[in-house]
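Chain and residue survey
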Protein chains: 2
Amino acid sequence: MRTDDPEPPPGPDPAQPRPHTGRRRNDDVRRAILAAAMRLLRGGGEAARPVTVDAIAREAGVGKQTIYRWWPSKGAVLLEALTSHADDVVPETDVGNVRTDLTAFVTASFAGAAAPDTAPVLAKLAREAAHDAHLAAMMGEFTEARRNALLALLRRGRDRGELAADADLDLMVDQVFGVLWYRLLVGHTELTPGAATRLAETLVRGNAGSAGNAGEA
Amino acid sequence: MRTDDPEPPPGPDPAQPRPHTGRRRNDDVRRAILAAAMRLLRGGGEAARPVTVDAIAREAGVGKQTIYRWWPSKGAVLLEALTSHADDVVPETDVGNVRTDLTAFVTASFAGAAAPDTAPVLAKLAREAAHDAHLAAMMGEFTEARRNALLALLRRGRDRGELAADADLDLMVDQVFGVLWYRLLVGHTELTPGAATRLAETLVRGNAGSAGNAGEA
DNA sequence: TGTTGTCGAGACTGCGAGTCTCGTCAACCT
DNA sequence: AGGTTGACGAGACTCGCAGTCTCGACAACA
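Rules used in this analysis
- Residues numbered from 1 in each chain as written.
- Chains lettered and ligands numbered in written order.
- Predicted model: local features only at pLDDT ≥ 70, side-chain atom pairs only at ≥ 80, totals over all residues.
- Heavy atoms only, no water.
- Helix = DSSP H or I, 4+ residues; strand = E, 2+ residues; numbered from the N terminus.
- Buried < 20%, exposed > 50% of the residue type's maximum accessible area, 1.4 Å probe, protein only.
- Contact = heavy atoms within 4.5 Å.
- Salt bridge = Lys/Arg side-chain N within 4 Å of Asp/Glu carboxyl O.
- Buried area = accessible area lost by both parts, 1.4 Å probe.
- Polar contact = N/O pair within 3.5 Å; in protein donor to acceptor, adjacent residues only side chain to side chain.
- Nonpolar A, V, L, I, M, F, W, Y, C, P; charged D, E, K, R; others polar.
- Domains from an automatic or database assignment.
- Near = heavy atom within 4 Å.
- Phe/Tyr/Trp six-rings, centres within 6.5 Å; stacked < 30°, edge-to-face > 60°.
- Lys NZ or Arg CZ within 6 Å of the ring centre and 35° of its normal.
- Axes fitted to C-alpha atoms, helices over the stretch in contact; angles between N-to-C directions.
- Parallel < 35°, antiparallel > 145°, perpendicular 65-115°, else oblique.
- Left-handed = near helix turned anticlockwise from the far one by under 90°.
- Least-squares fit on C-alpha atoms with pLDDT ≥ 70 in both.

Topic: the overall build of chain A
Counting its regular elements, chain A contains nine helices and zero strands. Counting helices and strands in the order they occur from the N terminus, chain A gives α-α-α-α-α-α-α-α-α. Sorting the 217 residues of chain A into buried and exposed places 41% on the buried side. Within chain A, counting contacts between residues at least 6 apart in sequence, those at least 24 apart form 68% of the total.

Focus on the pattern of salt bridges
Residues and elements named next belong to chain B. Summed over the entire model, instances satisfying the criterion amount to 31 salt bridges over all chains. Between Asp 117 and Arg 42 there is a salt bridge, and its shortest N-O distance comes to 3.4 Å. Separated by 75 residues along the polypeptide, Asp 117 in the loop between helix H5 (98–114) and helix H6 (119–129) and Arg 42 in helix H1 (residues 27–42) bring together distant segments of the chain. The partly exposed category is assigned to Asp 117, whose relative accessible area is 33%.

Here we look at the interface of chain B and chain A
Across the boundary between the two partners, chain B contributes 28 residues, which contact 28 residues of chain A. Between chain B and chain A lies a buried interface of about 2,500 Å² when both sides are counted; carbon and sulfur atoms form 52% of it. For chain B, the biggest contributors to the area lost against chain A are Leu171(B), Tyr182(B) and Arg198(B); these three give 24% of the whole. For the pair chain B and chain A, the interface holds four salt bridges. Asp174(B) is paired through a salt bridge with Arg183(A); the nearest N and O atoms lie 2.5 Å apart. Taken together, the connections running from chain B to chain A amount to 15 residue pairs in polar contact (both at pLDDT 80 or more). Looking at the side of chain B that touches chain A, the elements that each hand over two or more residues are helix H8 (169–186) and helix H9 (193–206) of chain B. No other element matches the ten residues that H8(B) contributes to the side of chain B that touches chain A. Looking at side-chain class alone, the side of chain B that touches chain A contains eleven nonpolar, eight polar and nine charged residues.

Points about the environment of Gly161(B)
Note on placement: Gly161(B) falls in the loop between helix H7 (133–159) and H8. Expressed as a C-alpha distance, the spacing of Gly161(B) and His85(B), which sit 76 residues apart in the sequence, is 38 Å.

As for the side chain of Asp174(A)
Looking at where Asp174(A) falls in the secondary structure, it is placed in helix H8 (residues 169–186). Discounting chain neighbours no more than four positions away, the residues touching Asp174(A) are Arg147(A), Val179(A), Val179(B), Tyr182(B), Arg183(B), His188(B) and Thr189(B).

Notes on helix H2 (residues 53–60) of chain B
Listed as buried for H2(B) are Val53(B), Ala55(B), Ile56(B), Ala57(B) and Ala60(B). Against H1, helix H3 (64–70) and helix H4 (74–85) of chain B lie the buried residues of H2(B).

Quick notes on the domain arrangement of chain A
All names here are of chain A. Parsing chain A into structural domains produces domain 1 (22–70) and domain 2 (81–209). When each unit is reduced to the centre of its C-alpha atoms, the spacing between domain 1 and domain 2 is 29 Å. Opposite the nine residues of domain 1 that make contact, domain 2 presents nine residues. The largest per-residue losses of area from domain 1 upon contact with domain 2 belong to Met 38, Leu 41 and Arg 42, which jointly make up 64% of the total buried on that side. Linking domain 1 with domain 2 are one salt bridge.

Points about the protein's contact with DNA strand C
Inspection of the region around DNA strand C gives 27 residues, with Gly22(A), Trp70(A), Arg24(B), Lys64(B) and Lys74(B) positioned closest. Among atoms of DNA strand C positioned within 4 Å of the protein, sugar and phosphate together represent 64%. Within the side chain of Arg23(A), one N or O atom sits 2.8 Å away from a base oxygen of DNA strand C. For the surface near DNA strand C, the secondary-structure elements that each account for two or more residues are helix H3 (64–70) of chain A together with H3 of chain B. For the surface near DNA strand C, the element with the highest residue contribution is H3(A), accounting for four residues. Split into classes, the residues belonging to the surface near DNA strand C amount to seven nonpolar, eleven polar and nine charged.

Re the side chain of Glu128(A)
For Glu128(A), the location among the structural elements is in helix H6 (residues 119–129). Apart from residues lying up to four places away in sequence, Glu128(A) is in contact with Val51(A), Lys74(A), Leu78(A) and Leu135(A).

Regarding the packing of aromatic side chains
Residues and elements named next belong to chain A. Across all of its chains, the model carries two aromatic pairs over all chains by this definition. Plain terms: the ring middles of Phe 105 and Phe 177 are 6.5 Å apart, the flat faces sit at 90° to each other, and that makes the pair edge-to-face. Separated by 72 residues along the polypeptide, Phe 105 in helix H5 (residues 98–114) and Phe 177 in helix H8 bring together distant segments of the chain. Phe 105 gets classed as buried once you look at its relative accessible area, which sits at 4%. Taking NZ or CZ as reference, Arg 25 lies 5.7 Å from the ring centre of Trp 71, over its face.

Re the packing of H5(A) against helix H7 (residues 133–159) of chain A
Residue and element names in this part refer to chain A. Running from amino to carboxyl end, H5 crosses H7 at an angle of 165°, the nearest separation of the two axes being 9 Å. When the axis of H5 is compared with that of H7, the two are roughly antiparallel. Relative to H7, H5 is oriented so that their crossing is left-handed. In this structure, H5 uses Val 98, Asp 101, Leu 102 and Phe 105 to contact H7, whose residues at the interface are Arg 146, Ala 149, Leu 150, Leu 153, Leu 154, Arg 156 and Gly 157. Residues of the contact of H5 with H7, tallied by class, amount to seven nonpolar, one polar and three charged.

A few points about the relation of the copies chain B and chain A
If you rotate chain B by 180° and push it 0.0 Å along the axis, it lands on chain A with an RMSD of 0.1 Å. Here the symmetry operator amounts to a two-fold rotation axis. When the interface residues of chain B are mapped onto chain A, 100% of them are again interface residues, pointing to one common binding face.

Section: the protein's contact with DNA strand D
Neighbouring DNA strand D are 27 residues; Arg24(A), Lys64(A), Lys74(A), Gly22(B) and Trp70(B) lie closest to it. In this structure, a phosphate oxygen belonging to DNA strand D sits 3.1 Å away from a side-chain N or O atom of Tyr68(A). The contact in question runs from a base nitrogen of DNA strand D to an N or O atom on the side chain of Arg23(B), over 3.3 Å. Here the residues of the surface near DNA strand D sort into seven nonpolar, eleven polar and nine charged.

Structural data, given as structure tokens:
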């Protein structure tokens, strides 16, 4: 099944891919594509323009093939547009007090997700992910970091005795992100700072441990 | 722009639609379609068969037009398949004690959603709804009843003083359904009865009011 | 100057939702 | 019986969109 010889060192090292010839990738184009994707994702009142690949290409003034040359799927473009745009700041405060830390975390997360030009993006992205396994996996990876940060925060609280030793930290994490995504997607209620504070406080109170001074309505 | 006269009472009363002639709707066909839809929705390991309209028609041994004669869209068929199949029992216990009532409600909801032949159905339906506004609206209506039942349950508890007067009941409702859908869709964790109990208890404890005997870890 | 690889453009495949048409058949009427 | 109406199975069709392929122009190297 082999037609050519074992290729003994013939000139250029085959391990070294090659010095690179030909026209180079134009980074302006890359940025234009991501910017166009963001513009469409933000797009007017609830699913205004459909966010198709053709639309992205047209909006960026770019050939469709240029998109598929650098990204494996539409979802990949959208996700990179989001992540490269996200300021990505969830400051990870560590004051040594679950209640304060958790309030900061939840408030920042809600604020970040509800910001007027990220909320529709996240929502559309989630909807895309619903029928794009590839994108879903990438988003899972993306959110995993947040989940872990929150989990670590809670673990510290539990180790300090502020949360009950048998508190279900995974459940608490899911309560936070569950509410976040539920409200973001169903959209019947706003993700307000008030709700964030309230959620953090009742969460701490409901899972308080021995060292918890948690009864201060 | 009118070609015929104002049509004065000509024979059969036009208000009375007509006595009905012609072949009647075959109800076996209707049931066969819904059953086929359920079979596909339940379908093997995670998105095995795509649940297309053609697939439903083939599975039911039916012409595609027969489906569209009676339902406005694929989503409508799927939703009716679900609702007509759902035993729809969330017993709405009212013992006069939030903790007990809430635990029963959450446990039943989790168990219902996690049942091996409803979980994939709900998940697929939610994913369909992500890009089918019509279906999304219908599902919203469907879940509204559950939300209201839970809200009423919590309101009773608050009126009794078991929950704080300023407790954010909407937030509590969203925590329950948020966790439910989040786990159902992301699928990283099971919707166990244990989690249900835990959730109900911490929720009550976190939002306890004056009359609450809520500190019994 | 030739080779390599990017770029815009646009035709093309494949799939799935929803529509249209056809030949058949059942339920009612006269 | 014969006729009208509408349900039914079958399958061809349109349309929108993801992803592929090809083409001519052009930029970066040797």
